[in-house]
Amino acid sequence: MTSGRVLIYGSNGYTGRLIVERALERGLRPVLAGRNADEVQRQADAVGLDHRVFSLDDPSAVDAGLVGVGVVMHCAGPFARTSRPMADACLRTRVHYLDITGEIAVFEALAARDAEAKASGVMLLPGVGFDVVPSDCLAAHLARRLPTATRLSLGFQALGGLSRGTTTTMIESGGGGGMVRRGGALVPVPAAWKTRRIDFGKGPRLATTIPWGDVSTAFHSTGIGDVEVYVAVPAATRRLMIASRYVGWLLGTAAVRAFLLRAVRRRPPGPDSAARARGVSRLWGEAEAPDDRLVVSRLTGPEGYTLTALTAVAAIEKVLGGGARAGFQTPSRAFGADFVLEIDGVVREDLAPIGA
Ligand SMILES: NC(=O)c1ccc[n+]([C@@H]2O[C@H](COP(=O)([O-])OP(=O)(O)OC[C@H]3O[C@@H](n4cnc5c(N)ncnc54)[C@H](OP(=O)(O)O)[C@@H]3O)[C@@H](O)[C@H]2O)c1
């Protein structure tokens, strides 16, 4: 069992709020935390929870904020800015660290701290949301079905809309093009580098490569060195992604980024509950061995932000139940390839192997 309390940092954000709601549904009493005193206090008072206010800029304040805490659920992103100071504090104070990042650079930075985390007895488990729990569990399941696999392709179709925070994170990491794994190394590629037809379960859809978190994590989970991740997008979006190859530098300019971020702040915080109830996630994965044997599996589940709240709280409960493993972990390494099947509404389907 993990002793100490659960602290949800960034609890006042769109996704943080969904995670708090889910934690309450499950009978947990997390401590709410963030840097915005008014919002965090109002949120905590409304549901009768304790709260703490501290900024990530002051290491001693973060350490003080973690006193008596056993596990942090970090929801404040973009994580390229926020993960490091929270992970530093977790390692100093020996508190397990969970987050909902989907950013490749953040996964890799935490993976590089594996030995440090093991020495402190701390689990560093990023990516306990939509990106990457279902896709990471699918990757591990495919590797289990075909242990000789050397190539892995993953794809997803997320129907339900994006939050302000996700869009901000995309803008802040924009202009960087795509990313795949080749021979175990992260290799930059142009935006929308490859396009293929993928059947997510409702007939073939055009899907194109994106630099999704699994480009990092699937390798750590499966050891498979060649990984590509695809997203189903309408043809017009794909054309925009291709155009971004030529104007991606624009996103790198402070003025354009500031303009886009101002536009995002005028939007609603994220999909409302009706949109989330209507939404659905579909995931697909294909593993291929050098002898041309191939296996395909698919998953369907709730809309992405709903799924994020469900998987994040399920991960917290695993940790509280003694399921933490010291060191850097991926969701499937920490809790097994079938972890995602414990989530209500998630169904996995295995297609017949080809070339067996
Ligand atoms: N992997 C996944 O599947 C998944 C799913 C959902 C969300 N996410 C990611 O989670 C992050 C949050 O998304 P969201 O929709 O909840 O966004 P949001 O509504 O904009 O909330 C962002 C939260 O982060 C806090 N924050 C931001 N920068 C901070 C900093 N430097 N120091 C301290 N707190 C900071 C904000 O605090 P203030 O209110 O004080 O600004 C707020 O609490 C994004 O990076 C998003 O991409 C990932």
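This text goes with the structure placed above it.
Report on the accompanying structure. Remember, predicted model here, so these are calculated numbers, not experimental data.

Next up on the list: helix H7 (residues 133–145). A rise of 1.5 Å per residue sets the reference length of H7, with its 13 residues, at 18 Å; its end C-alpha atoms lie 18 Å apart and thus fit the reference within 8%. The buried fraction of H7 amounts to eleven of the 13 residues, a majority that puts the element mostly inside the structure. The complete set of buried residues in H7 reads Val133, Pro134, Ser135, Asp136, Cys137, Leu138, Ala139, Ala140, His141, Leu142 and Ala143.

So, about the sheet that holds strand E4 (residues 69–74). Strand order in the open sheet formed by seven strands is E3-E2-E1-E4-E5-E6-E15, and the pairing between neighbours is parallel. Looking at the sheet topology across the chains shown, the edges are occupied by strand E3 (51–53) and strand E15 (327–328). Summarising the sheet, strand E6 (residues 123–125) and E15 pair through two bridges and their orientation is parallel. Opposite leucine 124, over in E15, you have phenylalanine 328 as the bridge partner. Against the sheet, helix H4 (residues 79–93) makes contact with strand E1 (5–9), E4, strand E5 (96–99) and E6, and its axis sits at roughly 165 degrees relative to E5, the strand it touches most.

A few words now on the packing of H7 against helix H9 (residues 214–222). Contact geometry for H7 and H9: axes closest at 9 Å, N-to-C directions at 40 degrees. The orientation of H7 with respect to H9, classified from their angle, is oblique. Of the two elements, H7 crosses H9, and the hand of that crossing is right-handed. Residues Ser135, Asp136, Ala139, Ala140 and Ala143 of H7 form the contact with H9, whose own contacting residues are Asp214, Thr217, Ala218, Ser221 and Thr222.

Let's shift gears to the nonpolar core. One finds Met73, Met86 and Leu98 to be the most contacted residues of the largest nonpolar core, which totals 89 residues. The residues contacting leucine 98, other than those within four sequence positions of it, are Val71, Val72, Met73, His74, Met123, Leu125, Val128, Ala315, Ile316 and Val319. If you look at the next biggest cluster of nonpolar residues, it comprises eight residues, including Ile198, Ala207, Ala232 and Leu294.

Further remarks concern the pairing of strand E13 (residues 280–288). Of all nine residues in E13, eight are buried, a share of seventy percent or more. For E13 and strand E14 (residues 294–302), the ladder comprises nine bridges, and the chain directions are antiparallel. Pairing of glutamate 286 across the sheet is with valine 296, part of E14.

Moving on, we come to helix H2 (residues 37–47). Three or four residues apart is the spacing at which side chains of an α-helix point the same way, because the helix has 3.6 residues per turn. Burial in H2 covers these residues: Val40, Gln43 and Ala44. The buried residues of H2 all sit within an arc of 95 degrees when viewed along its axis, so they share a single face. Facing away from the buried side of H2 by over 90 degrees, the exposed positions are Asp38, Arg42, Asp45 and Ala46. Those residues of H2 hidden inside the fold are in contact with helix H1 (14–25), strand E2 (31–34) and E3. Of the residues one or two after H2, glycine 48 is the one with positive phi, at around 70 degrees.

Glancing now at the pattern of salt bridges. A complete count under the given rule lists 20 salt bridges for this structure. Across the pair arginine 26 and glutamate 317 runs a salt bridge whose closest N-O atoms are separated by 3.1 Å. Of this pair, arginine 26 sits in the loop between H1 and E2 while glutamate 317 is found in helix H13 (residues 304–323), placing the two residues 291 residues apart along the sequence. According to the relative accessible area criterion, glutamate 317 is partly exposed, its value standing at 25%. Connected through salt bridges with shared partners, the residues Arg84, Asp88, Arg113 and Glu116 form a single ionic network.

The rules behind each value
Residues numbered from 1 in each chain as written. Predicted model: local features only at pLDDT ≥ 70, side-chain atom pairs only at ≥ 80, totals over all residues. Heavy atoms only, no water. Helix = DSSP H or I, 4+ residues; strand = E, 2+ residues; numbered from the N terminus. Expected span 1.5 Å × (residues − 1). Buried < 20%, exposed > 50% of the residue type's maximum accessible area, 1.4 Å probe, protein only. Pairing = 2+ DSSP bridges. Contact = heavy atoms within 4.5 Å. Axes fitted to C-alpha atoms, helices over the stretch in contact; angles between N-to-C directions. Parallel < 35°, antiparallel > 145°, perpendicular 65-115°, else oblique. Left-handed = near helix turned anticlockwise from the far one by under 90°. Core = buried A, V, L, I, M, F, W, Y, C linked by side-chain atoms within 4.5 Å. Arc of directions from axis to C-beta. Salt bridge = Lys/Arg side-chain N within 4 Å of Asp/Glu carboxyl O.

In short, shape yes, function no, at least from these values alone.
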